[in-house]
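So the chains spell out like this:
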Amino acid sequence: MTTLTVENYLKAILQHELQTGETLMSTGKIAEAMVVSPGTVTSMLKTLSDSQLAEYKPYEGAALTESGRKLAMRMLRRHRLIELFLVKTLKLTWDQVHEEAEDMEHSVSDFLVGKIDEFLGRPQFDPHGDPIPTEDGQLRGTTREIVTLSSCQPGQQFRLARVTDQQGDFLRYLSDSNLNIDTEGVVENRNLSGGIMTISVNGSMLSLGLSAAESLLVVQID
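The notes below deal with the structure included here. All values reported here derive from a predicted model rather than from experimental measurement.

**What to know about the sheet that holds strand 3 (residues 61-64)**
Across a sheet, strands are paired by hydrogen bonds formed along the backbone, either parallel or antiparallel in direction.
And then number 1: Strand order in the open sheet formed by three strands is 1-3-2, with antiparallel pairing between adjacent strands. At either end of the open sheet lies a strand with only one pairing partner, and these are strand 1 (25-26) and strand 2 (54-57).
And then number 2: Where strand 2 lies against strand 3, four bridges are found, and the strand directions are antiparallel. In the sheet register, Glu55 faces strand 3, and the bridge partner there is Ala63.
And then number 3: In this fold helix 3 (residues 38-50) packs onto strand 2 and strand 3, with an angle of close to 135 degrees to the strand it touches most, strand 2.

Pasting the structure below:
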């Protein structure tokens with residue numbers, strides 16, 4: 001029987017792997033993700049190693065074992081399906097669902113999660129555009145070609161597919177700017193020296209820092 005804390009650590013390591021392609025997550029990165037001290041992380045990584053859920057390398061970090069990855073993917077599936085369920089049924093906004101899903105994902109049963117998945121029509125993506133794992137741990141919707149908005153050249157048309165920075169303030173800013181998942185726009189200007197780019201969305205001009213645009217993943221439209 002795993003604890004809530006163990007499940008959160010495993011999920012954090014998995015998300016790092018999915019976002020960066022790196023199986024090993026450093027102790028510092030884990031501490032940052034979990035908002036705890038490096039010493040606390042080291043103690044937990046030893047626990048995960050003893051439980052054969054992660055391979056711990058002192059002074060380096062940890063990577064998930066097969067069993068650890070399976071459990072982490074299970075938690076990620078729960079989290080993303082619950083987020084989408086809350087948006088679709090209770091009409092919560094995409095900046096409201098993360099904390100609610102964090103609490104609920106540890107208590108719902110696999111049976112209920114399966115029913116939610118069925119009710120929603122086996123969706124590919126959560127409200128932020130993140131792919132939803134299947135019951136057997138496969139990620140749906142990973143075949144589409146997406147790039148960062150910051151890499152797009154002036155004149156490029158795009159459709160917003162995913163937001164990796166899911167801080168509430170940033171998501172509310174995007175909503176207020178009418179920039180939501182599946183919104184289409186055009187890159188008007190990209191100033192590398194100034195660190196800013198301008199896009200057109202629904203006839204309105206919007207300026208974004210390149211660091212913010214880095215967290216917006218888009219499908220390029222020919």
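**Observations regarding the environment of Leu174**
And then number 1: Relative to the elements of secondary structure, Leu174 occurs in helix 7 (residues 168-176).
And then number 2: For Leu174 and Gly68, which are 106 residues apart along the polypeptide, the C-alpha to C-alpha distance reads 34 Å.
And then number 3: What Leu174 contacts, discounting residues up to four positions off in sequence, is Trp94, Val163, Leu179 and Leu216.

**A short note on the pairing of strand 9 (residues 216-221)**
And then number 1: Note: strand 4 (residues 147-148) against strand 9, two bridges, orientation antiparallel. Bridge assignment links Thr148 to a residue of strand 9, and that residue is Leu217.

**With respect to the packing of helix 1 (residues 4-20) against helix 3**
And then number 1: For the pair helix 1 and helix 3, the least separation of the axes is 11 Å and the interaxial angle reads 95 degrees. What the angle tells us is that helix 1 and helix 3 run roughly perpendicular. Facing Thr5, Val6, Tyr9 and Leu10 of helix 1, the residues of helix 3 in contact are Thr40, Val41, Met44 and Leu48.
And then number 2: For the contact of helix 1 with helix 3, the per-class residue count stands at six nonpolar, two polar and no charged.

**Focus on the sheet that holds strand 9**
And then number 1: Strand order in the open sheet formed by six strands is 4-9-5-6-7-8, and the pairing between neighbours is antiparallel. Strands at the two margins of the open sheet, each flanked by one partner only, are strand 4 and strand 8 (204-209).

**A short note on the packing of aromatic side chains**
And then number 1: Summed over the entire model, instances satisfying the criterion amount to one aromatic pair.
And then number 2: With 6.1 Å between their ring centres and 65 degrees between their planes, Phe85 and Phe119 make a pair best called edge-to-face. Here the residue Phe85 occupies a position in helix 4 (residues 66-90), and Phe119 occupies one in helix 6 (residues 110-119), the gap between them amounting to 34 residues.
And then number 3: The class of Phe85 is partly exposed, set by a relative accessible area of 26%.

Rules behind the numbers
- Residues numbered from 1 in each chain as written.
- Predicted model: local features only at pLDDT ≥ 70, side-chain atom pairs only at ≥ 80, totals over all residues.
- Heavy atoms only, no water.
- Pairing = 2+ DSSP bridges.
- Helix = DSSP H or I, 4+ residues; strand = E, 2+ residues; numbered from the N terminus.
- Contact = heavy atoms within 4.5 Å.
- Axes fitted to C-alpha atoms, helices over the stretch in contact; angles between N-to-C directions.
- Parallel < 35°, antiparallel > 145°, perpendicular 65-115°, else oblique.
- Nonpolar A, V, L, I, M, F, W, Y, C, P; charged D, E, K, R; others polar.
- Phe/Tyr/Trp six-rings, centres within 6.5 Å; stacked < 30°, edge-to-face > 60°.
- Buried < 20%, exposed > 50% of the residue type's maximum accessible area, 1.4 Å probe, protein only.

What is shown is where atoms sit, not what they do.
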